[in-house]
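# Coordinates in review
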Amino acid sequence: MKRFFTVLYLQLFTVLAFGQQATVKGRVTAAGRPLQFATVAIPALRTGTVTDKGGNYQLAVKPGAWEVAVSMMGYQPKTFTHTFSGTAETLPEVQLAEDLSRLDEVVVTGVSRNTVARKNPVPVAIIGKKEMVAQVNTNLIDAIVRGVPGISAVTTGPNISKPFIRGLGYNRVLTLYDGLRQEGQQWGDEHGIEIDQYGVSRAEVVKGPASLTYGSDALAGVINIIPEVPAGPQNKLQGSFLTDYQTNNGLVGSSLGFSLQRNDWKYALRGTVRTAHSYRNPVDGYVYGTAFRETNLSALTQLDKKWGYTHFGATLYNNLQEIPDGSRDSLTRKFTRQVREGDEDDIRNRPIVPEADLKTYSLNPLHQHIQHYRLYNRSMFRLGGGELTGTLGFQQSIRREYNHPVYPSQAGLYVVLNTLNYDLRHNLPAMAGVETSVGVNGMYQVNKSKDATDFPIPDYRLFDIGGFVFARKSFGKLDVSGGIRYDLRHIRWDDFYVGEDKNTGFGHRANDSAGAVLQFPAFSNNYTGMSGSLGITYNLSGRVLIKGNIARGYRAPNITEIGSNGLDPGAHIVYLGNRGFKPEFSFQQDLGFLAYLPDLDLSVELFNNNIQHYIYQARLYDANGEPVVIVPGNVTYSYQQSKARLFGAEVTANLHPRRWAWFSWNNSLAYTEGQNRNRELIDQYGRLAKYLPLIPPLHIRSDLKLTAPGWKRFRQAYIRGGVDVYAAQSRYYGVDNTETYTPGYTLVNVGVGATIENKQDKPLFELYVQADNLFDKAYQSGLNRLKYFEYYSASPNGRSGIYNMGRNISMKVIVPF
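Conventions adopted
- Every chain's residues receive numbers from 1 upward, in the order its sequence appears when written.
- Since the coordinates come from a predicted model, pLDDT governs what is reported: local features require at least 70, and pairs of side-chain atoms require 80 or more to be given and counted, while whole-chain, interface and lining totals use all residues.
- To obtain the side-chain values, all non-hydrogen atoms of the structure were used and water was disregarded.
- Two strands make a pair as long as DSSP finds a minimum of two bridges between them.
- Helical segments are the DSSP runs of H or I of at least four residues, strand segments are the runs of E of at least two, and each set is numbered from the N terminus.
- The definition of a nonpolar core used throughout is a set of buried Ala, Val, Leu, Ile, Met, Phe, Trp, Tyr and Cys residues joined through side-chain atoms within 4.5 Å.
- The rule is simple: take the accessible area with a 1.4 Å probe, protein chains only, and divide by the maximum for that residue type; under 20% is buried, over 50% is exposed, in between is partly exposed.
- We call two residues in contact when some of their heavy atoms are within 4.5 Å.
- Charge convention: Lys and Arg are scored as positive, Asp and Glu as negative, and His as well as the terminal groups of each chain are ignored.
- We count a salt bridge whenever a side-chain nitrogen from Lys or Arg sits within 4 Å of a carboxyl oxygen from Asp or Glu.
- Whenever a nitrogen or oxygen atom comes within 3.5 Å of another N or O atom, the pair is scored as a polar contact, on the condition that within protein one atom can donate a hydrogen and the other can accept it, and that pairs from neighbouring residues in sequence are kept only if both atoms are in side chains.
- Residues enter patches when their relative accessible area tops 30% and they take part in no salt bridge; the joining distance is 9 Å for like charges and 5 Å for the nonpolar side chains Val, Leu, Ile, Met, Phe, Trp and Tyr.
- The protein chains shown are the only cover counted for residues, whose accessible areas, like all others here, come from Shrake-Rupley with a 1.4 Å probe.

### Here's the deal with the pairing of strand E47 (residues 763-772)
- As paired elements, strand E46 (residues 745-757) and E47 share eight bridges and run antiparallel to each other. By the bridge assignment for E47, Ala754 is matched with Leu767.
- The antiparallel pairing of E46 with E47 creates a hairpin that spans five residues between the two strands, and Asp761 there sits at a positive phi of about 60 degrees.

Here it is as structure tokens:
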């Protein structure tokens, strides 16, 4: 996205008539090849178009001397002045050069209005569709983790990843879909985000507090998933079909998308199906309980006018995901499965899972069913020299977990969360060079438990509102921006009673206290917080700059932290909350140096984050040092609160010599350290209590890529090879064995890809083949929850817990039409 993007986005498909006009034709190329979807515009006439597959375009232009702007994301824009005579003519061919600098890309996340990256003092990373497609991704967060240093994920098998930014996750990382905050019980460990990974055009990641524009839950940062928006010729139905196969867990994915532009309207529709059996690794073989089946449907329509635009979107997500528990035979280490309930269930004598059931696409009775529905509208109106933007969205998250083998149709957990989101912001006209924005946003939530047997959280109602003001001004090479915000969150619930079913012995929701236990006494509280930020960007030159930012973040405690008191079946955890918790407040400093030179991209980003009232989970033990067991076969965690400090750095060095346009070598390093400042705990447990849980180890990534722009019928063919080096994690939270030491490991990855064309130089399909963990390395990530799924203190092979995925080869084909 370049400097003319805002103008072009609203005008690409409108050709205005001004007196005598003539048709002008031309062609846009890059590296000798036609460039499709390049934008050709005449800003003064507010007219423009996009190139077709052959790089050709045509415009109706009135006589005069006009500046012509040609641009496309990923290429350096070109402008030239031409005198149009009013007669048909063909302009000289325009050749665009690849732009290896992203400083002029426009970001929309964590800012009050569209902002070029060079003017934003907060670290923002962008990963595009091409980058995500070229990798082996079992889920969307996995794709983002691979492309952005400083991002990690807590996983529960290949399809469940919870994003973490610089060591902070869960309700500290705000996930957006097309600018709308994602609400779907994200406090849980055992399910990921409910978004179709094949329908994403790009992702923007804000690394650092974004409470100023989003309020609570953006204390660590924001991940904005931006769906595809139609782009192409008028009145022509276009689309693509993607198919994906992965060898390790037999994943089969198919996605079909359509798009159409008709006058000022844009339409898009996509459907996706993904299914997989259990994954395997060299130690455990096939890991029982990790199969899944997922379907997605999304639709979008947008109207562009001179007055602004209005944009409607709808999504449907449906996921059936098995629930692993890690039970095994003590001698053979083969996985076993639960077939009985309660006291009749002897974990050490469960039957071994038949080999055929480990590789079947049919899901076992113990699984979770997650559904997410989303309907939203975003509209922008131009008011004088300013803009008024409003967003209104409704979401429903339905989550059922089936953990009763004797009664497979009876859900253990069944919760329905309804959320109404709203956002209104006004970008005022610039005054004396100051761009000012004011806004208000928030949400209203209602959570209800349905016909279930376990109730980890109460039925609650939540109202959230926050207002902010933000301003930015440029002083030559110096850009200064900052703002302030105030938030209020109210949460309440009534007395919640749980009784016992005399026939099954299971718990059930009771209407009153007769024969029941008060599991959740009534509660009502307000949480308030002030947040803000101040940052500068200084452009040493057009390609070299330094950034600095200080920010205060705010996060209200989530429902499990203050209200939980029961078993979450899918996580195999009994959560115990503390209703006396205070909101978290962070004070973070960021310093960055970025140099996008002709042959080298270099960036160094440093951060230091101090958090007051930091909330974390810790395993609960009794006075004798024995683990507290409330529900047999499940661990018990209680939430703790203390001071904390996180600090670290991300360094990237990407080499792309101009003389060797076919060569690129990308390297990155990410380091985060999290320190627990609970002095009383440290005095009692020493080094075991010094560090925070769920902190990623030092990660070094190196990727070498060789590209051939054109060879016979192959375009943009490439071969790549890379390594991921993870250091040992010796800085872990070891109190009561909540975490343990994790050895380091190195993974080798290779891949090839190309676009195959026909004799008319039109693309037939794109092909990508990628192999991850090429040498089938046996390893455990410290952020893999399955590492701690172990029932025995010792095993015959000396291994404990479940290992990560072994070698996995992915083959993707994308057919455009």
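### Here's the deal with the nonpolar core
- Core analysis: the biggest nonpolar cluster contains 39 residues, and Leu140, Ile144, Val205 and Ile225 have the highest contact counts within it.
- Tallying contributions element by element places helix H3 (residues 140-147) first for this core, with five residues.
- Excluding anything up to four places from it in sequence, Ile225 contacts Leu140, Ile144, Leu176, Tyr177, Asp178, Ile195, Val200, Arg202 and Ala203.
- Judged by nonpolar contacts, the second largest core, of 26 residues, contains Met443, Leu462, Trp493 and Phe523.

### Comments concerning the side chain of Asp454
- Along the chain, Asp454 falls in the loop between strand E30 (434-449) and strand E31 (460-475).
- Buried and without a salt bridge, Asp454 has Arg399 as its closest oppositely charged side chain, separated by 11 Å.
- At 3.3 Å, the side chain of Asp454 and the side chain of Thr453 are in polar contact.

### Description of the side chain of Asp464
- Of note, Asp464 is situated in strand E31.
- We classify Asp464 as buried; its relative accessible area is 1%.
- Side chain to side chain, Asp464 and Arg489 meet in a polar contact 2.8 Å long.
- Contact partners of Asp464, with chain neighbours within four places excluded, come to Tyr422, Asn441, Gly442, Met443, Asp487, Leu488 and Arg489.

### Observations concerning a nonpolar patch on the surface
- Taken together, the side chains of Leu237, Phe241, Leu256, Phe258, Leu269, Leu297, Leu316, Val815 and Phe817 define a hydrophobic patch exposed on the protein surface, amounting to about 720 Å² of accessible area.
- The residue Leu256 is located in strand E21 (residues 251-262) in this model.

### Some points on unusual backbone geometry
- For Asn263, which is not a glycine, the phi torsion comes out positive at approximately 60 degrees.
- Looking at the element boundaries, Asn263 is found in the loop between E21 and strand E22 (265-276).
- Classification of Asn263 as exposed rests on a relative accessible area of 52%.
- Even without glycine at this site, Asn773 takes up a positive phi of about 50 degrees.
- Note on placement: Asn773 falls in the loop between E47 and strand E48 (808-816).

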